[in-house]
Amino acid sequence: MLAMNHDCCQYFAGPDHTLDDFHRVMTELVERDDSQYSYRNTEVAVDDDGRLMGICVTYDGGRLHELRRAFVEAARVAFGIDYSGMDDETQAGELYADSLAVEERDRLQGVASALLLSAAAKAKRMGLPAVGLLVDAGNPDAERLYRRVGFEYVNDAEWGSHPMHHLQRKVE
């Protein structure tokens, strides 16, 4: 949830549910093997003492519909909302960086850059030509970070009712 802004989280929970309700659903999705948010798709950055500094959730964009089924079903059960018609946020041909979050105290220390470079290495191992992500159009600081590590603008998109920019970093 740290990777999403709270407005997005509340949008997905709907007007009759709280951020705590959304947190519970997201925790369940992280614990599953078959979810786009699964721990299996998550790389973590930890400090020398093992303290979590940041995470990056990535998966093959070509598997979006398969992996999204868990979210669609969980939202239907928990919130009574059907997200099966939601626009695609990625596509085949890219490793999608779905969620990137760094603890506030660890920001500006290269953690996000390291996680993104690790995602590029994962894409290469998987034979995918690019890493893609969406960045909130109203977050120029994040977009500058992504551009510094080689991401380039592809097109405009919308996700969670927010205007976004789709960026990609070609795999070398």
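Here, the structure is the one placed above.
In this report, we go over the structure that sits alongside the text.

What counts as what
Residues numbered from 1 in each chain as written. Predicted model: local features only at pLDDT ≥ 70, side-chain atom pairs only at ≥ 80, totals over all residues. Heavy atoms only, no water. Helix = DSSP H or I, 4+ residues; strand = E, 2+ residues; numbered from the N terminus. Rg over C-alpha atoms; globule rule 2.2 N^0.38 Å. Buried < 20%, exposed > 50% of the residue type's maximum accessible area, 1.4 Å probe, protein only. Contact = heavy atoms within 4.5 Å. Areas by Shrake-Rupley, 256 points an atom, 1.4 Å probe, with all protein chains shown as cover. Pairing = 2+ DSSP bridges. Phe/Tyr/Trp six-rings, centres within 6.5 Å; stacked < 30°, edge-to-face > 60°. Core = buried A, V, L, I, M, F, W, Y, C linked by side-chain atoms within 4.5 Å.

1. With respect to the overall build of the protein
- Tallying secondary structure elements over the protein gives 5 helices and 6 strands in all.
- Listed by position from the N terminus, the elements making up the protein come as α-α-β-β-α-β-α-β-α-β-β.
- Scaling as 2.2 N^0.38, a compact globule of 172 residues should have a C-alpha radius of gyration of about 16 Å, and the protein matches this with 15 Å.
- C-alpha atoms of the protein, sized along the principal axes, occupy 45 × 35 × 30 Å.
- For the protein, the proportion of its 172 residues judged to be buried stands at 46%.
- For the protein, restricting intrachain contacts to residue pairs at least 6 apart in sequence, the fraction spanning at least 24 positions comes to 63%.
- Summed over its atoms, the accessible surface of the protein is roughly 9300 Å², and 49% of this surface lies on carbon and sulfur atoms.

2. Quick look at the pairing of strand E6 (residues 162-170)
- Of all 9 residues making up E6, 7 are buried, and the element is well covered by its neighbours.
- Direction of pairing for strand E4 (residues 130-136) relative to E6: antiparallel, over a ladder of 7 bridges. Residue Gly 132 lies in a different strand from E6, and its bridge partner there is Gln 168.

3. Regarding the packing of aromatic side chains
- Taken as a whole and assessed by the stated rule, the structure comprises 9 aromatic pairs.
- Relative to Phe 79, the ring of Phe 22 lies with its centre 6.3 Å away and its plane at 20°, an arrangement referred to as stacked. Of the two residues, Phe 22 is situated in helix H2 (residues 19-31) and Phe 79 in helix H3 (residues 64-79); the sequence distance between them amounts to 57 residues.
- Exposure remark for Phe 22: the relative accessible area of 1% places this residue in the buried category.
- The exposure class assigned to Phe 79 is buried, which follows from its relative accessible area of 7%.
- Among the aromatic side chains, those forming a connected cluster through ring pairs are Tyr 11, Phe 12, Tyr 37, Phe 71 and Tyr 83.

4. Here's the deal with the nonpolar core
- Core analysis: the largest hydrophobic core is formed by 26 residues, its most contacted members being Met 4, Phe 22, Leu 29, Phe 71 and Trp 159.
- For this core, the elements supplying multiple residues, two or more each, are helix H1 (6-13), H2 and H3.
- Considering each element in turn, this core owes the most residues, 9 residues, to H3.
- Apart from the residues within four sequence positions on either side, Trp 159 is in contact with Met 4, Cys 8, Phe 12, Tyr 37, Met 86, Glu 89, Leu 134 and Met 164.

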